[in-house]
Amino acid sequence: YYLNAEYNYKNRYFLQASTTMETSSRFGHNAKEGIKLGGVKWGLFPSVQAGWLISSESWFKVKPLNYLKLLVGYEETGNDNIDYYTSRTYYSNVEFFGEATALQLANIANSEIQWETNRRINVGLEGALFNNRLMFGVDFYRSKISNLLTKKAISDITGLPFIWSNDGAMTNIGVDASVS
């Protein structure tokens, strides 16, 4: 489900807010985060972006600069890029010497498996110079991923090398720049 709202005041000040609510059969029944509806966990991912078109202000009188906009935002996104049956124990069929078949443990359930959550803050500036012949943009961001999906090593006695878990975290800080 998606909900989106936008507001613009005098074509100078902009506000956009949205939220996404998602679920997947890949998630465990006992996922720690989210909202439980209809017997399953749902991830809730809000976003808000604000912009100020500085070049539309009456006091802005910079000749070669035709367009200048400041952007600030916060967003959350989710990632469910795991195998379809990660939250369940299952067996797979194996063949022995072309003569016999058997069932072999293929996965151990993780009923707490859930989506990764990426929280990102950004501040950006975009502009155009020389009658819109040279455009530029720069965006500073910091993102932090919690509940990072990882393959966790488990005991050899299980017969499996790993299980999926939400044991990781990662932070990215950077700058995106463009000129055209």
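The structure we're discussing is the one just above.
Now for a description of the structure that goes with this document. Because the structure is a prediction, the values reported are computed rather than measured.

Taken as a whole, the largest pocket holds about 180 Å³ of empty space. Along its surface, the largest pocket is lined by K32, E33, N110, E112, I113, Q114, N147, K152, I163, S165, N166 and D167. Among the secondary structure elements, those contributing two or more residues to the lining of the largest pocket are β9 (134-153) and β10 (162-179). Among the elements that make up the lining of the largest pocket, the one with the highest residue count is β10 (4 residues). Along the lines of polarity and charge, the residues of the lining of the largest pocket split into 2 nonpolar, 5 polar and 5 charged. Lining the second largest pocket are E6, Y7, N8, F14, L15, Q16, Q49, A50, G51, K69 and L71.

Here we come to the pairing of strand β7 (residues 100-107). In terms of strand pairing, strand β6 (residues 90-96) meets β7 through 7 bridges, oriented antiparallel. If you follow V94 over to β7, its bridge partner there is A102.

In total, this model carries 5 salt bridges according to the counting rule given. We note a salt bridge from E112 to K32, for which the minimum N-O separation is 3.8 Å. In this pair, E112 sits in the loop between β7 and β8 (116-129) while K32 sits in the loop between β2 (13-22) and β3 (35-37), placing the two residues 80 residues apart along the sequence. In this structure, D167 engages K152 in a salt bridge whose closest nitrogen and oxygen atoms are separated by 3.5 Å. Of this pair, D167 sits in strand β10 while K152 sits in strand β9, and the two are 15 residues apart along the sequence. Judged by its relative accessible area of 52%, D167 is exposed.

Let us look at the packing of aromatic side chains. Using the criterion set out here, one finds 7 aromatic pairs in the structure. With a centroid separation of 6.2 Å and an interplanar angle of 25°, the aromatic rings of Y9 and Y13 are classed as stacked. Taking relative accessible area as the criterion, Y13 reaches 33% and is therefore assigned partly exposed. Geometrically, the ring pair formed by Y85 and Y90 is edge-to-face, given 6.3 Å between the ring centres and 70° between the ring planes.

Moving on to the environment of S165. Locating S165 in the fold gives a position in strand β10. Spatially, the C-alpha atoms of S165 and L148 are 8.0 Å apart, while their sequence positions differ by 17 residues.

Let us look at the side chain of K41. Summarising the element assignment, K41 is placed in strand β4 (residues 40-53). Despite being buried, K41 has no salt bridge partner; E33 is the closest side chain of opposite charge, sitting 9.1 Å away. Polar contacts involving the side chain of K41 include one to the main-chain carbonyl oxygen of A31, which spans 3.0 Å. Residues within four places of K41 in sequence aside, it is in contact with E22, T23, F27, A31, K32, E33, G34, I35, K36 and W115.

This part is about a nonpolar patch on the surface. Together, Y7, Y9, Y13, L15 and V48 make up a nonpolar patch on the protein surface, roughly 480 Å² of accessible area in all. Among the secondary structure elements, those contributing two or more residues to the nonpolar patch are β1 (2-9) and β2. With respect to the helices and strands, Y7 occurs in strand β1. Residue classification places Y7 among the exposed residues on the basis of a relative accessible area of 51%.

Reading the values: the criteria
- Residues numbered from 1 in each chain as written.
- Predicted model: local features only at pLDDT ≥ 70, side-chain atom pairs only at ≥ 80, totals over all residues.
- Heavy atoms only, no water.
- 1 Å grid on protein atoms, 1.4 Å probe; cavity = no way out; pocket = protein on both sides within 12 Å on 5 of 7 lines; lining within 4 Å.
- Points joined across faces, edges and corners; volume = space filled by probe spheres on them.
- Helix = DSSP H or I, 4+ residues; strand = E, 2+ residues; numbered from the N terminus.
- Nonpolar A, V, L, I, M, F, W, Y, C, P; charged D, E, K, R; others polar.
- Pairing = 2+ DSSP bridges.
- Salt bridge = Lys/Arg side-chain N within 4 Å of Asp/Glu carboxyl O.
- Buried < 20%, exposed > 50% of the residue type's maximum accessible area, 1.4 Å probe, protein only.
- Phe/Tyr/Trp six-rings, centres within 6.5 Å; stacked < 30°, edge-to-face > 60°.
- Lys, Arg positive; Asp, Glu negative; His and termini not counted.
- Polar contact = N/O pair within 3.5 Å; in protein donor to acceptor, adjacent residues only side chain to side chain.
- Contact = heavy atoms within 4.5 Å.
- Patch = residues over 30% accessible without salt bridge, like charges linked within 9 Å, V, L, I, M, F, W, Y side chains within 5 Å.
- Areas by Shrake-Rupley, 256 points an atom, 1.4 Å probe, with all protein chains shown as cover.

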